Amino acid sequence: GRISVRKAMDNFGVSAPNGAKDSLAVKLTRSRIFGETFALSVRNVFRRRSRLLLSLGLLSAGGAMFLTALNVSSAWDANLEKIRQQRFYDLDIRLHQSADRNAVLERVRSVSGINTLEAWRYSSTSFVTDRPYDIVQTYPDKGHGSFLIIGLPVPTQMINLPIQQGTWLRDPGAKDVVLNHMAIALSPSLRVGDSISLSIDQTPTRWRIVGIAEDLYSPATAYVGLPAFAASCNDQDGVNMLRMTMTDKNPDAVAQKSRMIEDALNSRNFSILQSIPASLFRNAIGEHMGVLVNSLIAMAILMAIVGMLGLTSTMSMNIMERTRELGVMRALGATPRVIRRLVLTEGLVIGVMSLGFALPLSFVMSSSLGQWLGTMAFRSPLSLTVSIFALVMWTTLIVVGSIVSTLYPARRATRITTREALAYE
C-alpha cells in the first residue's frame, strides 16, 4: 500500500532500470504534438537502449542493403539507357572473314525492312611495344579484356559517342584514331595528340589520337576511318561487320529479319560469326546486374526478418518488465484498446527510427558500391541514383512489419488482468 502510482509506473519488474533517465527520450516525451500515447511510447522505447540498438541495427542494416540494391540497380539501368543514346543500330552482324563490300551489301539489301545499312571493318589489335609478344586477347570469351580496332564510315549514323577529350573523326582517310575510355585504361598515360602504334594482323600501324570517347559496355576499342583502315591492311573493299537499323524495331521483328539476313548471306557462302540484335545485347547487360541485385535483396530480406523477430522479442521482454505498470494503467482506467495502441506505437517508432539510420547509410553504400562496380566492370563509376520506388517499398515493408511484429506482444499486454499485473513481482 506504500507504493505510489509514480513508483509503480516506473517499476521494471524482473530487471533493474538501466539508463532510466535518457536525455533524448525526455526531450521527445515532452512533446505533446502527437498526443500522450505517442509520448509514453517514446519513453518506453528508450528504456532498454541495448535492446533498442540491437533491433535498430538489424532493421537499419537490412533497410540500407535493400535500398542500396535497388539504388545501384537504378544507376545501372540509367547507364544502360545510354546505350540507346550512343548506339542507334538494331542489328550487329559479324563475318568470320573479310568479304567484298559490294557483294555483302547487295545480299543484305535483298531483305526488305532495312532502314539504314553500314559496312564496317574490325580486327583484334594491341599497342605495339618493345616486348617480343603483343597481348591481343586475355579472356576466352573473346569479349572481356579484348582490344579492337574498328574502321567505320565517317560520318556514321550508327553511333554517337560522347567525346571526353578532343574531337570525333572528321577525315575518313586520315591516320586519326579515337580511343574509348576502356582503351585509355590500358595505357592511362596517353593524351590527345599523341602518336601510337597499333597492330593489325601482326603489322604495326601508326595513328594520331584525336579524341577520347565514353563508350559504355564495350571492350577497349580504337575507332578509325574505314578508308584509313583499308589502306593500313591493303584491302580496299573488304568488310566483316554490318550494322543496320530496321523499319520495325520490335525485338521479335528484328530477330526474324536477322534470320532472313543470315539465310541470305549463307546462300552466297558468307560465313557469319555472330548476329546480335541490340535488344538482346541490352538484356544481356541488364542480366549481369540482376544476379547481384537479387543477392543483395535476398540478404536484406533475411536481415529484415531477423530484425522483425528481434523486434518481437524486444517488445515481449518490454511487456514482461512492465507488467505492473500495465496493471496500474488498467486500474486507472486504461482500456485494452489504449494498451494495444501504446504497444503498437512503440514498435512503429522503432521501425521508423530504423528508416532514419538506413537512408543515409544506403547513400554511402550505394555510392561506394556503384563506384566499385562501375569501375571494375566498365572503367566508369555508376552515378549515385536514389530509387523512389525502393524508398516507398521499404517504408511500407518496415511499417507493416513493425505492426505485425508487435501484434503478439500487444495482444499479450491486453490480456493481463489488473489483479495479475499488480501481483507481479
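Structure: see above.
Residues numbered from 1 in each chain as written. Predicted model: local features only at pLDDT ≥ 70, side-chain atom pairs only at ≥ 80, totals over all residues. Heavy atoms only, no water.

## A short note on the overall build of the chain
Turning to step 1, where the next piece is worked out: Within the chain one finds 13 helices and 10 strands.
Turning to step 2, where the next piece is worked out: A total of 425 residues make up the chain; the buried ones form 48% of that total.
Turning to step 3, where the next piece is worked out: Sequence separation of at least 24 residues holds for 83% of the intrachain contacts in the chain that already meet a minimum separation of 6.
Turning to step 4, where the next piece is worked out: Within the structure as shown, the chain displays about 21,500 Å² of accessible surface, and the carbon and sulfur contribution to it stands at 58%. (Helix = DSSP H or I, 4+ residues; strand = E, 2+ residues; numbered from the N terminus. Buried < 20%, exposed > 50% of the residue type's maximum accessible area, 1.4 Å probe, protein only. Contact = heavy atoms within 4.5 Å. Areas by Shrake-Rupley, 256 points an atom, 1.4 Å probe, with all protein chains shown as cover.)

## A word on the nonpolar core
Side chains of nonpolar character tend, in soluble globular proteins, to be buried together.
Turning to step 1, where the next piece is worked out: Formed by 35 residues in total, the largest nonpolar core has its most connected members in F66, Y217, I350 and W394.
Turning to step 2, where the next piece is worked out: Within the residue set of this core, elements represented by two or more residues are α4 (49-86), α9 (278-321), α11 (336-378) and α12 (388-414).
Turning to step 3, where the next piece is worked out: Among the elements that take part in this core, α4 stands out by supplying 13 residues, more than any other. (Core = buried A, V, L, I, M, F, W, Y, C linked by side-chain atoms within 4.5 Å.)

## Focus on the packing of aromatic side chains
Turning to step 1, where the next piece is worked out: Considering all chains together, one arrives at 4 aromatic pairs under this definition.
Turning to step 2, where the next piece is worked out: Measuring from ring centre to ring centre gives 6.1 Å for W76 and Y217, while their planes differ by 55°; the resulting arrangement is tilted. Here the residue W76 occupies a position in helix α4, and Y217 occupies one in the loop between β7 (203-213) and β8 (220-225), the gap between them amounting to 141 residues.
Turning to step 3, where the next piece is worked out: The side chain of R94 reaches across the aromatic face of Y122, ending 5.1 Å from its centre.
Turning to step 4, where the next piece is worked out: The ring of W207 has K175 lying over it, and the distance from NZ or CZ to the ring centre is 4.1 Å. (Phe/Tyr/Trp six-rings, centres within 6.5 Å; stacked < 30°, edge-to-face > 60°. Lys NZ or Arg CZ within 6 Å of the ring centre and 35° of its normal.)

## Some remarks on a nonpolar patch on the surface
Turning to step 1, where the next piece is worked out: Together, F363, V364, V386, I388 and V392 make up an exposed nonpolar region whose accessible area comes to about 430 Å².
Turning to step 2, where the next piece is worked out: Within the residue set of the nonpolar patch, elements represented by two or more residues are α11 and α12. (Patch = residues over 30% accessible without salt bridge, like charges linked within 9 Å, V, L, I, M, F, W, Y side chains within 5 Å. Salt bridge = Lys/Arg side-chain N within 4 Å of Asp/Glu carboxyl O.)

## Side note on the pairing of strand β9 (residues 238-246)
Turning to step 1, where the next piece is worked out: Counted residue by residue, β9 has 9 buried out of 9 residues, so it is predominantly covered.
Turning to step 2, where the next piece is worked out: In the sheet, strand β1 (residues 91-100) pairs with β9 via 6 bridges, with the strands oriented antiparallel. Paired with D92 across the two strands is R243, which belongs to β9.
Turning to step 3, where the next piece is worked out: As judged from the 6 bridges shared by strand β2 (residues 114-124) and β9, these two strands associate in the antiparallel manner. Note on β9: the bridge partner recorded for L117 is M244. (Pairing = 2+ DSSP bridges.)

## Considering the pairing of β7
Turning to step 1, where the next piece is worked out: Pairing of strand β4 (residues 163-166) with β7, which is carried by 3 bridges, proceeds in the antiparallel orientation. Counted as the bridge partner of Q165 is I212 from β7.
Turning to step 2, where the next piece is worked out: The pairing of strand β5 (residues 176-180) with β7 spans 5 bridges and is classified as parallel. Within β7, the residue paired with D176 across the bridge is R208.
Turning to step 3, where the next piece is worked out: Where strand β6 (residues 195-200) lies against β7, 6 bridges are found, and the strand directions are antiparallel.

## Notes on the side chain of S60
Turning to step 1, where the next piece is worked out: Counting through the fold element by element, S60 comes out in helix α4.
Turning to step 2, where the next piece is worked out: Overall, S60 belongs to the buried group, its relative accessible area being 7%.
Turning to step 3, where the next piece is worked out: In this view, S60 contacts S354, F357 and A358; residues no more than four positions away in its chain are not counted.

Read these as layout, nothing more, since geometry by itself doesn't imply function.
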